[in-house]
Amino acid sequence: MSDPTLERHFKGHRETVTSVDLSCNMKQIATGSMDSCVMIWNMKPQMRAYRFDGHKDAVTSVQFSPSGHLVASASRDKTVRLWVPSMKAESTAFRAHTATVRSVNFSGDGQTLVTASDDKTIKVWTVHRQKFLFSLNQHINWVRCAKFSPDDRLIVSSSDDKTIKLWDKNSRECIHSFCEHAGYANHVAFHPSGTCIAAASTDNSVKVWDIRSHKMLQHYQVHSGVVTSLSFHPAGNFLITAANDSTMKILDLVEGKLLYTLHGHQGPVTCVAFSRTGEYFASGGSDEQVMVWKSNFDCEECSDGVRLQHKTTSSIKTPPTSSTSQANLNSQPSALHSQASEPSEHLNGHDSHTAAHAQSSNGSSSSSHSRATHSHTYRHPSSASSSTQQTKSKALPQDPQRVQAQSQASDGGVPAGLASTLEHIIGQLDILTQTVSILEQRLTLTEDKLKECLENQMEIGLHLQRREEA
């Protein structure tokens, strides 16, 4: 596995970047900011970015629909907006909550949205008509984040009341409350298998829980600041975290250890997200910058979807720097310490203030908390010279249905041409339904104006009648 490399960086927001997401085809990146704008960045260098002005206060969360033809944004102005990510910047807005909306998330089928708010509620909506479906009300403080499970049957939410709640979408009941964090969880996400959740906390830690046994599987204390965001690699083997200590960390969930520490942002890193394939990830920070990184993970999932191969790579350019990391995996105490070496080449093609350096760190499980000491050096994105070591091990629990689906897909499944055509049709339907929604809003406005004109006309008529009678 080669080190992650910085591919692109974008600057255009005027304040802290609060949220980032990558479209399914990796052609666009959506970001939200404290400057009240949603921006759509194009990965092709010759294409300009789109700035969407519509929200009246800070944008707290953005996400592409699964098809990539819509972008949802949540804001401190208490609304959620749905945008068509093109030059026209068409959008529909709806008053979602009675306080700041902290997060917005599409269901896997793209038909519903879940929103979380400072009004202490989680709400579920239909996408195309923005119709309110139901509310989940058991939190007793601000709700920071809410996400659908991969199969859309569950919702996970995190709140300032120091709980993480698991909800059944159909029964609308709280199945379980996790109360492990000393602080509260800023961000929460489902593992791609749907069997685990991870939470980023204000107590500087990251925890992974099994949602079936309700037991904590892993506990990482690798950051020295509040953990603001996290994202699972689609293969389920890696977790990337962002924190106020100005770093991102890549965690190996199979080995239960810290793999890389990434530096690039000047100041707190506020958001991070893997692309749908896991080939790239993007980050945003208080330095108003958006960075796109190439993962360079060499993951090969076997047909049973359980075993995996990954390579641990380090380029030897400078004297090795000792770096130890300890994590708790399934509460089995064992300690291993190893050394990691760092490449030292200056990052080329980017301003020095956005230069990124990736640091490889190998450690292993221990019953105590985790600490890592790092030395920071710059590295060229295309640095080669590496020594590799292959390991095989068992991944986190995976959903048997998902495994079966993967093996069916590999046996044949839907032809690529047909899949592409269907995806295009779904995309066009998304745009059509969004356009109809916009037309409906305009029609309602026209009807209101017409009604107002008729009422004014009647008033004038009555006034003239009275004058004639007088």
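Now for a look at the structure at hand. (Residues numbered from 1 in each chain as written. Predicted model: local features only at pLDDT ≥ 70, side-chain atom pairs only at ≥ 80, totals over all residues. Heavy atoms only, no water.)

1. Side note on the nonpolar core
Now for step 1: Counting residues in each nonpolar core, the largest one holds 17 residues, and the members touching the most others are I240, M248, I250, F281 and W293.
Now for step 2: Going through the elements one at a time, β23 (238-243), β24 (247-252), β25 (257-263), β26 (269-274) and β28 (289-294) are the ones with two or more residues in this core.
Now for step 3: Those residues in contact with I240, other than ones at most four positions away along the chain, are S229, L230, S231, M248, K249, I250, V272, F274 and F281.
Now for step 4: Listed in part, the 16 residues of the second largest apolar core include C196, V206, L230 and L253. (Core = buried A, V, L, I, M, F, W, Y, C linked by side-chain atoms within 4.5 Å. Buried < 20%, exposed > 50% of the residue type's maximum accessible area, 1.4 Å probe, protein only. Helix = DSSP H or I, 4+ residues; strand = E, 2+ residues; numbered from the N terminus. Contact = heavy atoms within 4.5 Å.)

2. Description of the layout of surface pockets
Now for step 1: The computed volume of the second largest pocket comes to approximately 430 Å³.
Now for step 2: Along the walls of the second largest pocket sit 19 residues, with N25, K27, Q28, G68 and H69 positioned nearest its centre.
Now for step 3: Sorting elements by how many residues they give to the lining of the second largest pocket places helix α2 (residues 416-469) first, with three residues.
Now for step 4: In terms of residue class, the lining of the second largest pocket is built from seven nonpolar, nine polar and three charged. (1 Å grid on protein atoms, 1.4 Å probe; cavity = no way out; pocket = protein on both sides within 12 Å on 5 of 7 lines; lining within 4 Å. Points joined across faces, edges and corners; volume = space filled by probe spheres on them. Nonpolar A, V, L, I, M, F, W, Y, C, P; charged D, E, K, R; others polar.)

3. Considerations on the pattern of salt bridges
Pairing between side chains becomes possible if they bear opposite charge and their charged atoms approach one another.
Now for step 1: In this structure the tally under the stated criterion is eight salt bridges.
Now for step 2: Across the pair R102 and D118 runs a salt bridge whose closest N-O atoms are separated by 2.8 Å. Taken together, the residues R102 in strand β10 (residues 101-106) and D118 in the loop between β11 (112-117) and β12 (122-126) connect sequence positions 16 residues apart.
Now for step 3: Since its relative accessible area comes to 22%, R102 is described here as partly exposed.
Now for step 4: For D118, a relative accessible area of 10% puts it in the buried group.
Now for step 5: Its salt-bridge partner being K294, residue E279 comes within 4.0 Å of it at the nearest N-O pair. Remark: K294 occurs in strand β28 and E279 occurs in the loop between β26 and β27 (280-285); sequence separation between them is 15 residues. (Salt bridge = Lys/Arg side-chain N within 4 Å of Asp/Glu carboxyl O.)

4. Section: the pairing of β12
Now for step 1: Most of β12 is tucked away: four of the five residues are buried.
Now for step 2: Here β11 runs beside β12; their pairing, made up of five bridges, is antiparallel. Across the sheet, residue T115 finds its bridge partner in β12, namely K123.
Now for step 3: Between β11 and β12, which pair antiparallel one after the other, the connecting turn spans four residues, and K120 there sits at a positive phi close to 75°.
Now for step 4: Pairing geometry for β12 and strand β13 (residues 132-136), over four bridges, is antiparallel. Note that in β13 the partner of W125 across the bridge is F132.
Now for step 5: Hairpin connection between β12 and β13: a loop of five residues separates the two successive antiparallel strands, and Q130 in this loop has a positive phi of roughly 50°. (Pairing = 2+ DSSP bridges.)

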